[in-house]
Structures are given as C-alpha cells and as structure tokens.
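Structural overview for review
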Amino acid sequence: MQTPARSQSFCVFSKLRSVGLRPTRQRVALCNLMFGRGDRHLSAEDLHAEAQDAGESVSLATVYNTLHQFTDAGLVRPLSAEGQRTYFDTNASDHHHFFIEDDGEMVDIPAGALDLGQLPEPPEGMEIVNVDIVVRLRRKPTA
Ligand SMILES: [Zn+2]
C-alpha cells in the first residue's frame, strides 16, 4: 500500500515528534494505519491484520508495544469492554462509547448525548480522573 507523503509527515511531525517518540519506520507505519482514516477504535489484533494487509512485516508483540507507547504518550486512549479485548481509540479526548456485542465494535456516543447526572462523591483523599462509560448493545431479537 502506498502511503501519501502528506500523511507520512503528519505522523512524523504532528504525532510522533510532538510527543517525543522517535519516528521509526514501524511507528510511522502503524501511526499512518491508525490515524489515516479518521477516528477509530482498533484492537492490537485489528491493527496487526491491517499492517499485514499493507505489506508491513511487524509482529503482534511489536504492535502491542507500539500501542502502549502511543498510550503512554497520550496519542491514543485504551478502552476495555468487560470480557473483551482492549481497543485503542484514536480520539484521546474524553468521550463515551457504545459497545456492539454482536460485532465486537466500539462506537462513539455523540458529545452531549449522555447525561451523567450526579457523580458519586469520591472517598476521602481521592479525586475523579475521568469517567468512561461503555453502554453495551445487542440487536433486538426479530419477531
Ligand atoms: Zn471513541
């Protein structure tokens, strides 16, 4: 797969260098796959499969390591649905998700569509860092 020069430099400069990650060939390739198509929620396995389809020879372990480096650098946000694999969100800002159990797919809940109401008072000496809501969905049975 040919990667356009524009998105190469986007990953090198706007993503990797801006957070102090050296733009190695594999990091740039994985960054392009993740960020080249808008906001996405990918598991390490999904990204590994895309890398292989793109002719990039990279091990699943390297994909995991790279995703954890991206996470530590704040480029992506890990999301877990109970009992499911971890998904990595290319939109690292605070937002909530639907999880479609039938498809194993995470979908953004539109901003403002979820009323959190009253949050519990955290225990003494604690503060709330953020609130991650995952609303699990399944298709209604057809009558
Ligand atoms: Zn999201």
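Residues numbered from 1 in each chain as written. Predicted model: local features only at pLDDT ≥ 70, side-chain atom pairs only at ≥ 80, totals over all residues. Heavy atoms only, no water.

As named in an unreviewed UniProt entry, the chain is Ferric uptake regulation protein, taken from Fulvimarina pelagi. Within the UniProt record for the chain, the comment given under Subunit (unreviewed entry) is "Homodimer." According to UniProt, the comment filed for the chain under the heading Sequence similarities (unreviewed entry) is "Belongs to the Fur family." (UniProt positions renumbered as here; feature names shortened; annotations may be inferred.)

Looking at the sheet that holds strand β2 (residues 77-80)
Within a beta sheet, neighbouring strands are joined by backbone hydrogen bonds and run either parallel or antiparallel to one another. With antiparallel pairing, three strands are arranged side by side in an open sheet as β1-β3-β2. Strands at the two margins of the open sheet, each flanked by one partner only, are β1 (41-43) and β2. Put simply, the sheet's adjacent strands are angled 40 degrees from each other on average, direction ignored. The pairing of β2 with strand β3 (residues 86-89) spans four bridges and is antiparallel. Residue L79 lies in a different strand from β3, and its bridge partner there is Y87. Packed on one face of the sheet, helix α3 (residues 44-53) meets β1 and β3 and runs near 85 degrees to β1. (Pairing = 2+ DSSP bridges. Helix = DSSP H or I, 4+ residues; strand = E, 2+ residues; numbered from the N terminus. Axes fitted to C-alpha atoms, helices over the stretch in contact; angles between N-to-C directions. Contact = heavy atoms within 4.5 Å.)

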